[in-house]
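Chain by chain, the residues run as shown.
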Amino acid sequence: MRAIIVVFVAFAFAFGGVADPPTPPFKRLWTFCPDGPILGYFVTGERICYITNTVYGAIRLSNGTPLWSVPTAEGNRVRELSLFGGHLYLTTDSKTIEIRQSDGAVVEKSEIPVSGFTHCNGLLIGSMPNAAYGAVSAKTHHVVWKVPSGTNKLITSGPSDPPILSGGKMFAAALAMVWSFDPKNGRILWTYRAAKKDAGTGGLAAGGGRAIFLGSDGQVTALNARSGKRIWSILSDIDPSGAPFLWSGLVILVGREGRVQALDPATGRKRWMTRLSDKMYDAITGPQPMGNKLLVGFSSRLAALDSNGKVN
């Protein structure tokens, strides 16, 4: 099955499958179909940069015309394409490099010893070879600090996903662990271990004084962002297919069977649940905020939800 990028008036959205006519009031402008499934994308200026399993490329926002496409080295899977401080970074299984926005070419001597990173105050912070995690200068690409594996006996590996910045602190998760650290030096502020050691991580969100952790078993836990103490924990009614998402004063969970669920961040109480598809394995993708609406993709379609879970 091929992936597509469909651009509607005032919004670009990527998802898999064959395009169906969009639901009004959206008007389709153009469709772009690369050779493989789209793993990620973002809009920068007049370009949409995207990645698949085998290439990374850019297309023109106004009409979908391909600008450039670069194949990745054999056996070196692309993990992430990101833009920080006007610089475009490509993360593969083995390294991170800077590439030019104009043609996708690798910037000379730009290899960076960090992956799955987040930008904070001129630093790129994330997983690092031979360490749990660390930071490099976005300007010089030199290591500024790193936390060796085993520094904390509970943290045995780097973050599963890029750490999250909220309230001047970083939040990360790996396996059944969640922790917070100081982005200036990597100092660990607190750690939290899920009740089930083998629960794994389904994703993390942070904001509003809370860190929201989703276990791979569907358990959703809210932690105090300052102390790491548990505020509440509930088992989701849906089978989550992505990390939790904070939007409009709600904790949003997206799942298989076309379901979207909203929780109260203060109590964990379910506020609403919307089912957009009757197909058992129809996973919701996204979500993406647009003004006071939340856009999600499913079955190659696009739906806009309001803060009450109603389809608009």
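The structure we're discussing is the one just above.
This write-up is about the structure you can find in this document. (Residues numbered from 1 in each chain as written. Predicted model: local features only at pLDDT ≥ 70, side-chain atom pairs only at ≥ 80, totals over all residues. Heavy atoms only, no water.)

1. A word on the overall build of the protein
Part 1 of the argument: Helix and strand counts for the protein stand at 0 helices and 29 strands.
Part 2 of the argument: Counting every position in the protein, which comprises 312 residues, the buried fraction comes to 49%.
Part 3 of the argument: Carbon and sulfur atoms form 50% of the exposed surface of the protein, whose accessible area is close to 14,900 Å². (Helix = DSSP H or I, 4+ residues; strand = E, 2+ residues; numbered from the N terminus. Buried < 20%, exposed > 50% of the residue type's maximum accessible area, 1.4 Å probe, protein only. Areas by Shrake-Rupley, 256 points an atom, 1.4 Å probe, with all protein chains shown as cover.)

2. Observations concerning the side chain of T118
Part 1 of the argument: By secondary structure assignment, the location of T118 is in strand β11 (residues 115-120).
Part 2 of the argument: The exposure class assigned to T118 is buried, which follows from its relative accessible area of 13%.
Part 3 of the argument: Contacts of T118, omitting those with residues within four sequence positions, involve F84, L123, L124, I125, P162, P163, I164 and M170. (Contact = heavy atoms within 4.5 Å.)

3. A word on the pairing of strand β6 (residues 55-60)
Part 1 of the argument: With 5 of its 6 residues buried, β6 lies for the most part within the structure.
Part 2 of the argument: Across 5 bridges, strand β5 (residues 47-51) lies against β6 in antiparallel orientation. Residue I48 lies in a different strand from β6, and its bridge partner there is I59.
Part 3 of the argument: Where β5 folds back on β6, the antiparallel hairpin that results is connected by 3 residues.
Part 4 of the argument: By the bridge criterion, 5 bridges tie β6 to strand β7 (residues 66-71) in an arrangement that is antiparallel. For G57, the partnering residue across the bridge sits in β7 and is S69.
Part 5 of the argument: Counting the residues in the hairpin turn of β6 and β7 gives 5 residues, including G64, whose phi is positive at 80 degrees. (Pairing = 2+ DSSP bridges.)

4. Concerning the pairing of strand β17 (residues 177-181)
Part 1 of the argument: Burial of β17 is extensive: 5 of the 5 residues sit out of reach of the surface.
Part 2 of the argument: Residues M177, W179 and F181 line one face of β17 and the alternating positions V178 and S180 line the opposite face, and both faces are buried.
Part 3 of the argument: Sheet topology places strand β16 (residues 169-174) next to β17; 5 bridges connect them, and they run antiparallel. Each bridged residue has a counterpart across the sheet, and for M170 the counterpart in β17 is F181.
Part 4 of the argument: Hairpin remark: β16 followed by β17, antiparallel, with 2 residues in the connecting loop; positive phi at L175, about 55 degrees.
Part 5 of the argument: Joining the antiparallel neighbours β17 and strand β18 (residues 188-193) is a turn of 6 residues, in which G186 adopts a positive phi near 85 degrees.

5. Side note on the environment of M170
Part 1 of the argument: Relative to the helices and strands, M170 resides in strand β16.
Part 2 of the argument: With 14 residues separating them along the chain, M170 and K184 place their C-alpha atoms 9.8 Å apart.
Part 3 of the argument: Among residues more than four places away in sequence, those in contact with M170 are T118, I125, P163, I164, L165, W179, S180, F181 and P183.

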